[in-house]
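Examining the three-dimensional arrangement
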Amino acid sequence: MLQIIGFFSLSDDSSPNLPPNLHFKFTRDALIVLAGSKAKGRDFVYFTEVKNIPSTDLATIERLWNKFSGGKFGYSVQKKKWRQSKGDFEVWCKKIGWTTTDGEVERKKRWFGASEFTYDVKKAPEGHLPLTSALRGTSLIKALLNHPVWDNDDWTKEP
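Each value, and the rule that gives it
- Residues numbered from 1 in each chain as written.
- Predicted model: local features only at pLDDT ≥ 70, side-chain atom pairs only at ≥ 80, totals over all residues.
- Heavy atoms only, no water.
- Salt bridge = Lys/Arg side-chain N within 4 Å of Asp/Glu carboxyl O.
- Helix = DSSP H or I, 4+ residues; strand = E, 2+ residues; numbered from the N terminus.
- Buried < 20%, exposed > 50% of the residue type's maximum accessible area, 1.4 Å probe, protein only.
- Pairing = 2+ DSSP bridges.
- Polar contact = N/O pair within 3.5 Å; in protein donor to acceptor, adjacent residues only side chain to side chain.
- Contact = heavy atoms within 4.5 Å.

Observations regarding the pattern of salt bridges
- Per the stated rule, a full pass over the model turns up twelve salt bridges.
- Between E158 and R63 there is a salt bridge, and its shortest N-O distance comes to 3.5 Å. Within this pair, whereas E158 is found in the segment after α6 (139–145), its partner R63 is found in helix α3 (residues 55–69), the two being separated by 95 residues in sequence.
- For R107, the salt bridge goes to D102, with nearest N and O atoms at 2.5 Å.
- Overall, the relative accessible area of 16% leaves R107 in the buried class.
- Look at D102 and you get partly exposed, because its relative accessible area is 40%.
- Linked by salt bridges that have partners in common, D102, R107, R110 and E116 make up one network.

What follows is the structure in structure tokens.
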């Protein structure tokens, strides 16, 4: 089991307002390391590698998200929203606040440059974080939400 607690060391003060992208970066970096050497070499995770991420480590990441957000953020929260959206990515994005409107045009929020996401626990919608890139399609987020760790509530128990 990889010791991933260090990835979250800056968030253990329960601060709801960490710098933008900090939570994303820690989670992203942890997933890359956990997915294996090929993911580490290319600096991103393919959806096919998600099955290689140990349930114990993904559960630890999830417990940290749940703890420091008061149960508002995490993959389990996103999975609940996914079910409520009946697996419709567009509906799901609206439900978790990943869309915005420019005039009359609705679009996905941007996280590069000046991020448009909300990093304040009090202001962000339920399930808003963690961010997962969909630049290469929705397969990665779908694979994370369908990881076997979520098949029961064992992930909620500390090892």
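Notes on the pairing of strand β1 (residues 99–102)
- Sheet topology note: the β1/strand β2 (residues 105–108) ladder contains four bridges and is antiparallel. Residue T100 lies in a different strand from β2, and its bridge partner there is R107.
- Between β1 and β2, which pair antiparallel and follow one another directly, the connecting turn spans two residues, one of which, G103, has a positive phi of 65°.

Some words on the environment of E126
- Position of E126 among the secondary structure elements: in the loop between β2 and α6.
- The spacing of E126 and I96 is 30 residues in sequence and 6.1 Å in space, taken between C-alpha atoms.
- There is a polar contact of 3.2 Å between the side chain of E126 and the side chain of K80.

Looking at helix α4 (residues 75–84)
- Taken across its ten residues, α4 has seven buried, putting it largely inside the fold.
- Within two residues after α4, K86 carries a phi angle of roughly 55°, on the positive side.

Some words on the side chain of K81
- Inspection of the secondary structure puts K81 in helix α4.
- Reaching out from K81, the side chain makes a polar contact with the side chain of E126 at a distance of 3.1 Å.
- Discounting residues that sit within four places of it in the chain, K81 has contacts with W92, K95, I96 and E126.

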